[in-house]
Amino acid sequence: MEDLIRRLEKKSFQIRNEMLDMCIKAGTGHVTSSLSCIDIIVTLYYGNILRYDPKNPNWKERDRFILSKGQASPALYTVLADIGYFEKENLDIFAQKNGKFGVHLQHDVPGAEITSGSLGHGFGIAAGIALGAKIDRDLYLVFTLLGDGECYEGSIWETAMFAGYNRLNNLIAIIDRNYLCVTDFTENLIELEPMEDKWKSFGWETVRLDGHSFKDLLKVFSDVRSRKRAKPLVIIADTIKGRGIESLCFNPLWHGLAPKDDMVDVCKLELERYRRYGEE
Amino acid sequence: MEKNNKTQRDAFWDRIYEIAKINRDIIIISADMGAPALDKIRRELPSQFINVGIAEQNAITLAAGLTMTGKKVFAYAIAPFITLRCLEQIRVECSIMNLPITIVGVGGGFGYEDSGPTHHIIEDIAILRSMPNIMINNITDIVMARAFADISCSLRQPNYIRLDRQVLPIIYTEENNFDKGLSVIRKGKDFYIISTGCMTSIAKDISEELSKEQKNIGLIDLYTLPINENELIETIKEAKKVITIEEHFLPGGFGSAICEVLMDNNINISVKRIGLSPKIGYSYVYGGRDEIRKHYGTDKASMIKQIKGFLNEY
């Protein structure tokens with residue numbers, strides 16, 4: 001377990017670094033939204049949680065990972081390239097001329113599964129896939145990652161009600177609870193809390209954890225395949241938008257941006273400091 | 001000719017029921033809408049029927065997910081709600097992702113007559129035809145409704161089945177083939193009416209009536225958009241004047257689509273579009289569909305007057 005956690009820490013730094021370079025080169029991309037959920041995505045793909053085959057992206061028995069918060073595509077693309085879904089060179093031309101993918105998630109990229117960017121869609125698609133798996137008695141799991149700001153969309157609650165009532169216990173929703181939206185902190189906009197109560201009342205089992213703790217993430221994820229629950233599971237993962245680069249944290253103005261000019265060196269330096277802090 | 005006492009809704013779902021018994025990958029998602037055939041599916045094929053409640057956005061996203069697992073999904077509700085309430089879901093999942101979901105809306109045009117403008121759908125053709133990949137099938141009669149149940153099952157793109165709510169006359173026979181997207185109901189020469197959906201049976205009466213006055217006027221029923229341009233042009237290329245008829249707002253609608261084809265192909269034919277004027281706007285007119293049509297000037301008598309005036313113009 002400790003070894004795995006060390007590996008995940010290293011990997012998450014590598015993915016952060018590559019993602020940051022990709023967005024800096026492109027001059028665009030939602031860097032802070034990606035930084036808040038990278039540890040979650042890294043745990044799923046490198047922590048022996050998801051079943052997948054990069055050489056066969058349409059493998060029928062694969063677990064589905066549906067990135068409902070499609071603005072975090074830089075995080076997922078970097079991971080997909082790293083594990084071999086496509087050549088890493090594609091990251092160099094992210095959101096640029098001749099690039100195969102851009103700022104928001106695109107369904108025709110191997111491993112991406114869906115087009116996302118408009119919020120409140122991927123979660124419903126994930127529920128549809130989970131329902132299809134139940135009808136066909138397929139055993140794969142469906143994981144979906146939502147933004148907390150995405151939970152303002154009414155469609156999220158239409159699906160939540162449906163999935164809870166229909167006991168889709170093959171569906172695992174993870175909410176990247178970074179407390180920030182586009183213009184302000186969520187609790188300044190319209191309070192999202194109490195999150196657990198909301199989801200529980202819609203028929204979901206809830207877990208709340210530190211979304212940057214590999215230990216906590218592994219503990220919860222490693223148990224999901226056992227189907228000990230009859231209900232769908234929502235993991236409310238408390239995170240920090242911009243995690244790893246201090247200057248980008250706790251400021252809504254960094255939403256949707258890539259660092260430019262003087263900020264490039266500042267961000268690189270702070271990310272390196274974050275890595276060293278992790279190693280200590 | 002078959003005498004009709006059946007709605008397009010029942011014809012369509014009866015056929016889907018027959019197909020669903022054999023093809024277990026057929027799934028119907030209803031946003032709390034019923035039909036006798038759907039009751040049979042719910043009873044006999046419970047795993048193939050899902051009532052999501054009044055939640056159209058979820059209906060489309062669930063349909064998308066199910067489609068990704070290999071299901072053939074029909075998402076069904078009253079037409080304005082299963083198109084416009086979840087329009088952005090249709091845009092992303094159907095148009096952008098090109099998932100072959102069949103959207104089934106009942107109540108095209110003023111089908112829900114006295115229910116008022118929230119239940120009328122008179123903008124959907126303009127809106128949905130602006131989105132790539134989506135085929136629109138505006139159903140004329142129960143024979144066509146049955147045929148498009150089969151066609152929808154084999155489509156590899158999304159489509160929108162626009163059903164009328166009321167019992168309408170039967171135009172077609174089982175031998176008709178609907179692959180071309182349009183059918184010549186009455187062959188003409190100098191003049192053609194091109195109509196769609198519920199307006200075709202009225203247009204048929206009009207063309208017959210005008211023919212008695214020796215206006216050699218043909219009739220085309222055009223039910224699939226995007227328009228089969230070659231077929232349309234081939235049929236009307238000798239015509240001098242064309243009248244389009246739709247129960248839909250004129251801007252961007254059915255008549256507009258035909259004008260685009262003519263202009264894009266440099267075909268110089270005078271066109272008179274008959275439909276709903278946005279200047280009149282939405283209607284709170286009660287007393288039946290014909291009263292609403294009179295309000296817009298799209299009842300039979302008003303249309304005959306307009307067409308005669310147009311044909312007599314130089």
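Everything numeric here is computed off the predicted structure, so don't read it as measured data. (Residues numbered from 1 in each chain as written. Chains lettered and ligands numbered in written order. Predicted model: local features only at pLDDT ≥ 70, side-chain atom pairs only at ≥ 80, totals over all residues.)

Novice: Kindly report on the overall build of chain A, identifying the contributing residues and their values.
Specialist: Looking only at helices and strands, one finds ten helices and five strands in chain A. Computed over its C-alpha atoms, the radius of gyration of chain A comes to 18 Å, within 12% of the 19 Å expected for a compact globule of 280 residues. Taken along its principal axes, the extent of the C-alpha atoms in chain A is 50 × 45 × 40 Å. Evaluated residue by residue, chain A yields a buried proportion of 50% over its 280 residues. If you take every contact in chain A between residues at least 6 apart in sequence, the share linking residues at least 24 apart comes to 77%. (Helix = DSSP H or I, 4+ residues; strand = E, 2+ residues; numbered from the N terminus. Rg over C-alpha atoms; globule rule 2.2 N^0.38 Å. Buried ≥ 20, exposed ≤ 12 C-beta atoms within 10 Å, placed from the backbone. Contact = placed C-beta atoms within 7 Å.)

Novice: An account of helix α9 (residues 214-221) of chain A is requested, with residue identities and associated values reported.
Specialist: Residues and elements named next belong to chain A. Where α9 is concerned, the buried positions are Phe214, Leu217 and Phe221. On an axial view of α9, the arc spanned by its buried residues comes to 65°, and they lie on one face. The elements touched by buried residues of α9 are α1 (2-26), α2 (31-46) and β4 (205-210). (Arc of directions from axis to C-beta.)

Novice: Can you lay out helix α11 (residues 289-296) of chain B for me, pointing to particular residues and giving the numbers?
Specialist: Residue and element names in this part refer to chain B. Those residues of α11 that sit buried are Arg289, Ile292, Arg293 and Tyr296. Burial along α11 is one-sided: seen end-on, the buried residues are contained in an arc of 100°. Where α11 is buried, its residues contact β12 (270-276). After α11 finishes, the residue Gly297 shows a positive phi value of roughly 75°.

Novice: An account of the sheet that holds strand β11 (residues 241-249) of chain B is requested, with residue identities and associated values reported.
Specialist: Residue and element names in this part refer to chain B. Strand order in the open sheet formed by five strands is β7-β9-β8-β11-β12, and the pairing between neighbours is mixed. With partners counted over all chains shown, the strands left at the sheet margins are β7 (182-186) and β12, one partner each. Going from strand to strand, the sheet's axes swing by 20° on average, the running direction of each strand aside. Note that β7 and strand β9 (residues 217-222) share four bridges and pair antiparallel. From the neighbouring strand, Arg186 faces β9, where its bridge partner is Leu219. Most of the contacts of helix α8 (residues 199-212) go to β9, to which it runs at about 170°, and overall it touches β7, β8 (191-195), β9 and β11. (Pairing = 2+ DSSP bridges. Axes fitted to C-alpha atoms, helices over the stretch in contact; angles between N-to-C directions.)

Novice: Requested: an account of the packing of helix α5 (residues 122-135) of chain A against helix α3 (residues 56-68) of chain B, with residues and values cited.
Specialist: Contact geometry of α5(A) with α3(B) gives a least axis separation of 6 Å together with a crossing angle of 50°. Judged by the inter-axis angle, α5(A) sits oblique to α3(B). The interaxial crossing formed by α5(A) with α3(B) has right-handed handedness. Seen from α5(A), the contacting residues are Gly124(A), Ile125(A), Ala126(A), Ala127(A), Gly128(A), Ile129(A), Leu131(A) and Gly132(A); seen from α3(B), they are Asn58(B), Thr61(B), Leu62(B), Ala63(B), Ala64(B), Gly65(B), Leu66(B) and Met68(B). Within the contact of α5(A) with α3(B), the residues separate by chemical class into ten nonpolar, six polar and no charged. (Parallel < 35°, antiparallel > 145°, perpendicular 65-115°, else oblique. Left-handed = near helix turned anticlockwise from the far one by under 90°. Nonpolar A, V, L, I, M, F, W, Y, C, P; charged D, E, K, R; others polar.)

Novice: Any chance you could break down the confidence of the model for chain B for me, citing the residues and the numbers?
Specialist: Low-pLDDT stretches of the model should not have their predicted coordinates read in fine detail. In the predicted model, chain B carries a mean pLDDT of 96, and the fraction of residues at 70 or more is 98%. Scored as a complex, the prediction yields pTM 0.97 and ipTM 0.96. (pLDDT = per-residue confidence, 0-100.)

Novice: Before we move on, could you go through the pairing of β12(B) and cite the residues and values that matter?
Specialist: All names here are of chain B. As defined by bridge partners, β11 adjoins β12 across six bridges and the pair is classed as parallel. Residue pairing in the sheet places Lys241 in a bridge with Ser270 of β12. Following the chain from β11 across helix α10 (residues 254-264) to the adjacent parallel β12, one finds a crossover that is right-handed. (Right-handed = clockwise from strand over helix to strand, strands pointing away.)

Novice: Tell me about the interface of chain B and chain A, and please be specific about residues and values.
Specialist: How large an interface is tends to be reported as the accessible area lost when its parts come together. Counting residues at the interface gives 20 residues for chain B and 20 residues for chain A. Looking at the side of chain B that touches chain A, the elements with two or more residues in it are α3 and α5 (87-96) of chain B. In terms of residues, the side of chain B that touches chain A owes the most to one element, α3(B), which gives nine residues. Of the residues belonging to the side of chain B that touches chain A, the class tally is ten nonpolar, seven polar and three charged.

Novice: Residue-level account of the environment of Lys134(A), with values.
Specialist: Residue and element names in this part refer to chain A. Relative to the helices and strands, Lys134 is located in helix α5. For the pair Lys134 and Tyr85, spaced 49 residues apart in the sequence, the C-alpha separation amounts to 27 Å. Apart from the residues lying within four places of it in its own chain, the contact partners of Lys134 are Leu168 and Asn170.

Novice: I'd like a description of the packing of α1(A) against α2(A), backed by residues and values.
Specialist: All names here are of chain A. It is at 9 Å that the axes of α1 and α2 come closest, and there the two elements cross at 140°. Judged by the inter-axis angle, α1 sits oblique to α2. Considering the relative orientation of α1 and α2, their crossing is right-handed. Contacts between α1 and α2 involve Arg7, Leu8, Lys11, Ser12, Ile15, Arg16, Met19, Leu20 and Cys23 from the former and Val31, Ser34, Leu35, Ile38, Asp39, Val42, Thr43 and Tyr46 from the latter.

Novice: Just give me the short version of the nonpolar core, but keep the residues and values in it.
Specialist: Residues Ile29(B), Ala59(B), Ala75(B) and Ile82(B) are the most contacted members of the largest nonpolar core, which totals 175 residues. Top element by residues in this core is α2(A). It accounts for ten residues. When neighbours within four sequence positions are excluded, Ala75(B) is seen to be in contact with Ile29(B), Ala59(B), Ile60(B), Ala63(B), Ile82(B), Ile101(B), Ile103(B) and Val104(B). (Core = buried A, V, L, I, M, F, W, Y, C linked by C-beta atoms within 7 Å.)

Novice: Now, about the sheet that holds strand β1 (residues 64-67) of chain A: what can you tell me, with residues and values included?
Specialist: Residues and elements named next belong to chain A. Reading across from one edge, β1-β2-β3-β5-β4 is the order of the five strands in this open sheet, with parallel pairing throughout. If you trace the sheet from one side to the other, it starts and ends with β1 and β4, each paired once. When strand polarity is set aside, the average angle formed by the axes of neighbouring strands in this sheet is 20°. With six bridges connecting them, β4 and strand β5 (residues 233-238) associate as parallel partners. Residue pairing across strands places Leu209 opposite Ala237, the latter belonging to β5.

Novice: Could you give an account of the environment of Thr118(B), naming the residues involved and the relevant values?
Specialist: Assignment of secondary structure puts Thr118(B) in the loop between β4 (102-106) and α6 (124-128). Considering only alpha carbons, one finds Thr118(B) and Thr140(B), 22 residues apart in sequence, at a separation of 23 Å.

Novice: Can you explain the pairing of β5(A)? Please cite residues and give values.
Specialist: Of all six residues in β5(A), five are buried; the element is thus mostly enclosed. A crossover links β4(A) with its parallel partner β5(A), the connecting element being α9(A), and its sense is right-handed.

Novice: Residue-level account of the environment of Thr239(A), with values.
Specialist: Residues and elements named next belong to chain A. Examined against the element boundaries, Thr239 turns out to sit in the loop between β5 and α10 (262-279). In this structure Thr239 comes out as buried when scored by C-beta crowding, with 24 C-beta atoms within 10 Å. Separated by 26 residues in the primary sequence, Thr239 and Asp265 place their C-alpha atoms 24 Å from one another. With residues up to four places along the chain from it excluded, the contact list for Thr239 reads Ser36, Cys37, Asp176, Arg177, Asn178, Gly211 and His212.

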